[in-house]
Amino acid sequence: MKNSKKIVFAVMFVIIALIILPFSLPTQTYIRKAESIASEKLGVPVTIANGHLRFLPSPRLVASGIVVGESQEVVVEKLVIVPTLSSLFSATKQINLKVIKPAIKKSALSIVSALTANKSEKAEVVAINVSRIDIQEMQFIWPDIKMPILNAEIALTKLNQLDSAHIESVDGKLKVDVAPNGGEHLITVNADKWTLPIGLPLLIDKAKLEMHLKGNQLTIPKIDAALYGGKLAGNAVLTWQEGKGASNWKTKGYLKIDGLSVKEPTRMISRAVYLSGHLFADGNFSASAKEVGQLADRLQANFKFKINNGILHGLDLVKVASLLIKQSQNGGDTQFSAFSGLLNISGKQYHLRDLNISSGLLTATGQVKIKPNKALDGTGSVAIKNSVSLVAIPLDVSGTVSKPVVLPSKAALAGAVAGTAILGPGAGTSVGIKAAEALDSFKNLFGRDK
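Bear in mind that the values here come from a model prediction, so they are computed numbers and not experimental data.

### Overview of the overall build of the protein
When you go through the protein residue by residue, the secondary structure sums to seven helices and 22 strands. Among the 450 residues that make up the protein, the fraction classed as buried is 37%.

### Digging into a nonpolar patch on the surface
Where nonpolar side chains cluster on the molecular surface, the patch consists of Leu200, Met268 and Ile269 and spans about 210 Å² of accessible area. Locating Met268 in the fold gives a position in helix 4 (residues 263–269).

### Describing helix 2 (residues 28–42)
Note: α-helices contain 3.6 residues per turn, so residues at a spacing of three or four share the same orientation. The end-to-end C-alpha separation of helix 2 is 21 Å, in line with the 21 Å expected for 15 residues at 1.5 Å each. One or two positions beyond helix 2, positive phi appears at Gly43, with a value near 80°.

### Observations regarding the nonpolar core
Grouped burial of nonpolar side chains is what soluble globular proteins tend to show. Core analysis: the largest hydrophobic core is formed by 83 residues, its most contacted members being Ile133, Leu312, Leu317, Ile357 and Val382. Per-element tally for this core: the top contributor is strand 15 (residues 274–289), with six residues. Apart from residues lying up to four places away in sequence, Ile133 is in contact with Leu97, Val99, Ala152, Glu153, Ile154 and Leu156.

### Remarks on the pairing of strand 4 (residues 93–105)
Where strand 3 (residues 74–83) meets strand 4, nine bridges bridge the pair, whose relative direction is antiparallel. Bridge pairing links Ile81 to Leu97 in strand 4. With eleven bridges connecting them, strand 4 and strand 5 (residues 128–142) associate as parallel partners. Directly across from Leu97, in strand 5, lies its bridge partner Ile133.

### Focus: the environment of Val382
With respect to the helices and strands, the residue Val382 is situated in strand 20 (residues 376–384). What makes Val382 buried here is its relative accessible area of 0%.

### Let's talk about the packing of aromatic side chains
Under the definition given, this model contains four aromatic pairs. Residues Phe305 and Phe339 carry aromatic rings whose centres are separated by 5.9 Å and whose planes lie at 80° to one another, so their mutual orientation is edge-to-face. Residue Phe305 is found in strand 16 (residues 300–313), and its partner Phe339 is found in strand 17 (residues 333–346); the two are separated by 34 residues along the sequence. Phe305 gets classed as buried once you look at its relative accessible area, which sits at 14%. Site record: aromatic cluster; members linked through ring pairs are Phe305, Phe336 and Phe339. For Arg267, the ring lying beneath its charged end belongs to Tyr274, and the centroid distance is 5.0 Å.

### As for the confidence of the model for the protein
Across the protein, the average pLDDT comes to 80, with 76% of residues at 70 or higher. Every residue in residues 3–9 scores below 50 in pLDDT, and together they form zero contacts with partners more than four places removed in sequence or on other chains. The low-confidence segment residues 415–436, where pLDDT is below 50, has 30 contacts with residues more than four positions distant or belonging to other chains.

### Describing unusual backbone geometry
In the Ramachandran plot, Asn309 falls in the positive-phi region, its phi being about 45° despite a non-glycine side chain. Although it is not a glycine, Lys374 sits at a positive phi angle of roughly 75°. Note that Lys374 resides in the loop between strand 19 (362–370) and strand 20.

### With respect to the pattern of salt bridges
A complete count under the given rule lists four salt bridges for this structure. Between Arg32 and Glu35 there is a salt bridge, with its nearest N and O atoms 2.8 Å apart. Within this pair, Arg32 and its partner Glu35 are both found in helix 2, separated by three residues, close to a single helical turn. Using a relative accessible area of 12% as the deciding quantity, one classes Glu35 as buried. Put simply, Arg132 and Asp134 hold a salt bridge, and the shortest N to O gap is 3.1 Å. Exposure remark for Arg132: the relative accessible area of 35% places this residue in the partly exposed category. Three or more residues joined by partner-sharing salt bridges are found here, namely Arg132, Asp134 and Glu153.

### What to know about the environment of Ser36
Structurally, the position occupied by Ser36 is in helix 2. Since its relative accessible area comes to 43%, Ser36 is described here as partly exposed. The spacing of Ser36 and Thr47 is eleven residues in sequence and 8.7 Å in space, taken between C-alpha atoms.

### Quick word on the side chain of His185
Looking at the secondary structure, you find His185 in strand 10 (residues 184–195). A polar atom in the side chain of His185 sits 3.2 Å from the backbone oxygen of Asp163. Excluding anything up to four places from it in sequence, His185 contacts Leu162, Asp163, Val178, Ala179, Pro180, Met211, His212 and Leu213.

### What about the pairing of strand 20?
Burial analysis of strand 20 places eight of its nine residues in the buried class, the great majority of the element. Sheet topology places strand 19 next to strand 20; nine bridges connect them, and they run antiparallel. The residue of strand 20 that forms the bridge with Gln367 is Thr379. Remark: five residues form the turn of the hairpin made by strand 19 and strand 20, two consecutive strands paired antiparallel; Lys374 in that turn has positive phi of roughly 75°. Bridge analysis of strand 20 against strand 21 (residues 392–399) gives six bridges, and the strand direction is antiparallel. Across the sheet, the residue bridging to Val382 is Ile393, located in strand 21.

How each quantity is defined
Residues numbered from 1 in each chain as written. Predicted model: local features only at pLDDT ≥ 70, side-chain atom pairs only at ≥ 80, totals over all residues. Heavy atoms only, no water. Helix = DSSP H or I, 4+ residues; strand = E, 2+ residues; numbered from the N terminus. Buried < 20%, exposed > 50% of the residue type's maximum accessible area, 1.4 Å probe, protein only. Patch = residues over 30% accessible without salt bridge, like charges linked within 9 Å, V, L, I, M, F, W, Y side chains within 5 Å. Areas by Shrake-Rupley, 256 points an atom, 1.4 Å probe, with all protein chains shown as cover. Salt bridge = Lys/Arg side-chain N within 4 Å of Asp/Glu carboxyl O. Expected span 1.5 Å × (residues − 1). Core = buried A, V, L, I, M, F, W, Y, C linked by side-chain atoms within 4.5 Å. Contact = heavy atoms within 4.5 Å. Pairing = 2+ DSSP bridges. Phe/Tyr/Trp six-rings, centres within 6.5 Å; stacked < 30°, edge-to-face > 60°. Lys NZ or Arg CZ within 6 Å of the ring centre and 35° of its normal. pLDDT = per-residue confidence, 0-100. Polar contact = N/O pair within 3.5 Å; in protein donor to acceptor, adjacent residues only side chain to side chain.

Laid out in structure tokens, this is it:
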């Protein structure tokens, strides 16, 4: 009985020692050494607030308050390093990592690019093999983009290269699986009721992408997504090259939209003037940049589009065309059978060209530039079909994306007044407006639209 008590006390003493001992060991020297090595490898300052050893439930090193970069490009709340006991006396040590709440800024991409470039220049002998990385609540901090919080389970090869991975948003709406497939990796992305974090916060009802990663190329042979009652299809490819102190990223692809209801997406842009109807569009896009995070700002794209049987809410073009003497605010609706045009994207500037609206009452044409600051600059004309004399009224488009303003041009108003005064109402008004239209066309040809 006495022996059994001694055994119990001994076991309890060992357990208490394993819990207390790690906190009494001098780990600051090792932390400072780890900071120095990490800073040298990454080329940026690395600091570790504190760290300690633990022996339960297995030997491990726990570090917290890790900051990478002068501007805190990467912040990790806690890092747990768990060595595989069987490899402790081997030439190559095998470890598992657990990363808790890492926050990664967009500027961290430059650190990753530099690290990749340095690895390609000088291959080093692998002394430590990271076999598994578990990441909890990873957050990417991107300007003007609300990225989802992610959990990830990543398996690496003996050369510390990607083998397989499962990535899932905390809310379960986005899932990404990576699996080896011959000489490449197959990446499957599934989204369900997921809000797109880039551009407009569009709600993706359901989407599936199968991507192929091989070397420095990511190929998406098929894009299949359902959103707002319509379908989005297409393909894309992303390539990159790493070099000494520089990198180059390129992407290109094709997108096609069938039957997408535009009411909700356009109301996100402007609640004052928006569209309803179903969109059909297709076109190509491309971009090239030194960093992957710059691709969206370097986008070049051309899309043809058409919206059938819709309504232009918040703007009555018939009313606008009749405002030849007194200008007033926008309002009302314009029903149309077809609204078509071309969308040209150049970085942060958008240009809507060859706009054409047709209905039983009117035809309207025009072009509008959307500047990086969301200001509008455009011209157009509208003709009322049921008028006695069909005259196209020149229009000016101004304001902002959220509050557009469409009014008869100053030249149209002046021409209408002058023509009426000289030749009388009716014919005189029409002659004056036609003269103004010719003047506006001349100005657009040699000045404003350049």
